[in-house]
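So the chains spell out like this:
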Amino acid sequence: MHVDLIINGEEQEYAVSRSESLLDVLRRNGYTGAKRGCDTGTCGMCTVVVDGDPEMSCVTPIGKADGATVETIEGLGNQDDLDPVQAAFVDNSALQCGFCIPGMIMRSKALLDENPDPTEAEVREALSDNLCRCTGYKKIVEAVLDASDRLDGEPAVAADGGSVPADECCQAGDGGCHRPEATGDGGEE
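Basis of the calculations
- Residue indices follow the written sequence of each chain, beginning from 1 at its first position.
- Local features in this predicted model are restricted to residues whose pLDDT is 70 or higher, and side-chain atom pairs enter the listing and the counts only when it is 80 or higher, whereas totals over whole chains, interfaces and linings include all residues.
- Side-chain descriptors were evaluated using all non-hydrogen atoms of the structure, hydrogens and water having been removed beforehand.
- Only protein chains enter the accessibility calculation, which uses a 1.4 Å probe; a residue whose area is less than 20% of its type maximum is buried, one above 50% is exposed, and one in between is partly exposed.
- For helices the rule is a DSSP run of H or I covering at least 4 residues; for strands it is a run of E covering at least 2, with both sets numbered from the N terminus onward.
- Strands qualify as paired when DSSP identifies two bridges or more between them.
- What counts as an axis is a line fitted to C-alpha atoms, over the stretch in contact for a helix, and the angles between N-to-C directions run from 0 to 180 degrees.
- Throughout this description, any angle smaller than 35 degrees is read as roughly parallel, any larger than 145 degrees as roughly antiparallel, any in the 65 to 115 degree range as roughly perpendicular, and the remainder as oblique.
- If you view the pair so one helix is near and one far, a crossing is left-handed when the near helix is turned anticlockwise from the far one by less than a right angle, and right-handed when it is turned clockwise.
- The contact criterion used is simple: two residues touch if any of their non-hydrogen atoms lie within 4.5 Å.
- Cavities and pockets are found on a 1 Å grid laid over the protein atoms alone: a cavity is a set of points where a 1.4 Å probe fits but cannot escape, a pocket is an open set with protein on both sides within 12 Å along at least five of seven lines, and a lining residue has an atom within 4 Å of such a point.
- Grid points are joined across faces, edges and corners, and a volume is the space filled by probe spheres set on the points.
- Three categories are distinguished: nonpolar for Ala, Val, Leu, Ile, Met, Phe, Trp, Tyr, Cys and Pro, charged for Asp, Glu, Lys and Arg, and polar for the others, with Gly belonging to the last.
- The span one expects for a helix is its residue count, reduced by one, times 1.5 Å.

Focus: the pairing of strand 1 (residues 2-7)
Along a regular strand, successive side chains alternate from one face of the sheet to the other.
Working step 1: What you see with strand 1 is a clean split: Val3, Leu5 and Ile7 sit on the buried side and His2, Asp4 and Ile6 on the side with no burial.
Working step 2: When strand 1 meets strand 2 (residues 10-15), the two strands line up antiparallel, connected through six bridges. Paired with His2 across the two strands is Ala15, which belongs to strand 2.
Working step 3: In this sheet, strand 5 (residues 69-71) lies alongside strand 1 in parallel orientation, the contact comprising two bridges. Counterpart to Ile7 in the pairing with strand 5 is Val70.

Next up, the structure:
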């Protein structure tokens, strides 16, 4: 059997077995951000966005996904140009071991696409299907609320109260540091 998918904006065709899940096909073809955690749809580590909705790819039969548009963590951003949701997770230290983070970010992105200004309770509810065994979710929730502000055009403020400059070192993309306070002389390091 063959399936056609649009993954991160690119049309793909794959030969698959009817017994495979969307997660199986994604990982076999290099989209390894979605993790295999439970294989029962209870941990959220395999969350991707399918036709605009967060889906647990480990329990999504590949046949059901045929013709779908799939967005994975690999399609959001890269080290030099993070998506605002990814940047908010980094800036708010909402990362621990990293195993659950791709699923958390994809579910957060889907939430913010549907509800750009969620309350803390709405964020917690949206993330309730995604498990993290390292944190108490506080920093993750703060990161999603911060991402909401960033997408709204408000200046970013890290959870510790410090501001996060838009042209911070990691955002410059050229490897140089552009914060005057980092070099002491206003120039590059």
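From this point, the discussion proceeds with the structure in view.
Section: the packing of helix 4 (residues 101-114) against helix 6 (residues 138-151)
Working step 1: It is the contact of helix 4 with helix 6, at a shortest axis distance of 11 Å, that shows an interaxial angle of 45 degrees. Here helix 4 lies oblique to helix 6, going by the angle between them. Taken as a pair, helix 4 and helix 6 cross one another with a handedness that is right-handed. Within the contact between the two elements, helix 4 uses Met104, Ser108, Leu111 and Leu112 and helix 6 uses Ile140, Val144, Ala147, Ser148 and Leu151.

Digging into the layout of surface pockets
The rolling of a water-molecule-sized probe over the atoms marks out the regions of remaining empty space.
Working step 1: Taken as a whole, the largest pocket holds about 260 Å³ of empty space.
Working step 2: The wall of the largest pocket is formed by 14 residues, among which Ile73, Gln79, Leu82, Gln86 and Ile105 lie closest to the centre.
Working step 3: At the level of elements, helix 3 (84-91) and helix 4 are the ones that each hand at least two residues to the lining of the largest pocket.
Working step 4: Within this model, the second largest pocket holds a volume of roughly 170 Å³.
Working step 5: Taken together, Gly52, Asp53, Pro54, Arg107, Ala110, Leu111, Glu114, Glu125 and Ala126 make up the full set of residues lining the second largest pocket.
Working step 6: When contributions to the lining of the second largest pocket are tallied by element, the ones reaching two or more residues are strand 4 (53-56), helix 4 and helix 5 (120-126).
Working step 7: Among the elements that take part in the lining of the second largest pocket, helix 4 stands out by supplying four residues, more than any other.
Working step 8: Looking at the lining of the second largest pocket residue by residue, the classes come out as four nonpolar, one polar and four charged.

Topic: helix 6
Working step 1: Under the 1.5 Å per step criterion, the end-to-end length of helix 6 is 20 Å for 14 residues, consistent within 8% with the ideal 20 Å.
Working step 2: Those residues of helix 6 that fall on the buried side of the exposure criterion are Ile140, Val141, Ala143, Val144, Asp146, Ala147, Ser148 and Arg150.
Working step 3: Taken from the residues just after helix 6, Gly153 is the one with a positive phi, measuring 90 degrees.

Thoughts on the packing of helix 3 against helix 6
Working step 1: The geometry of helix 3 relative to helix 6 is characterised by a closest axis approach of 8 Å and an angle of 135 degrees between their N-to-C directions. Taken as axis vectors, helix 3 and helix 6 run oblique relative to one another. Between helix 3 and helix 6 lies a crossing of right-handed hand. Contacts between helix 3 and helix 6 involve Pro84, Val85, Ala87, Ala88, Phe89 and Asp91 from the former and Ile140, Ala143, Val144, Asp146, Ala147, Arg150 and Leu151 from the latter.
Working step 2: Grouping the amino acids of the contact of helix 3 with helix 6 by side-chain chemistry returns 10 nonpolar, no polar and three charged.

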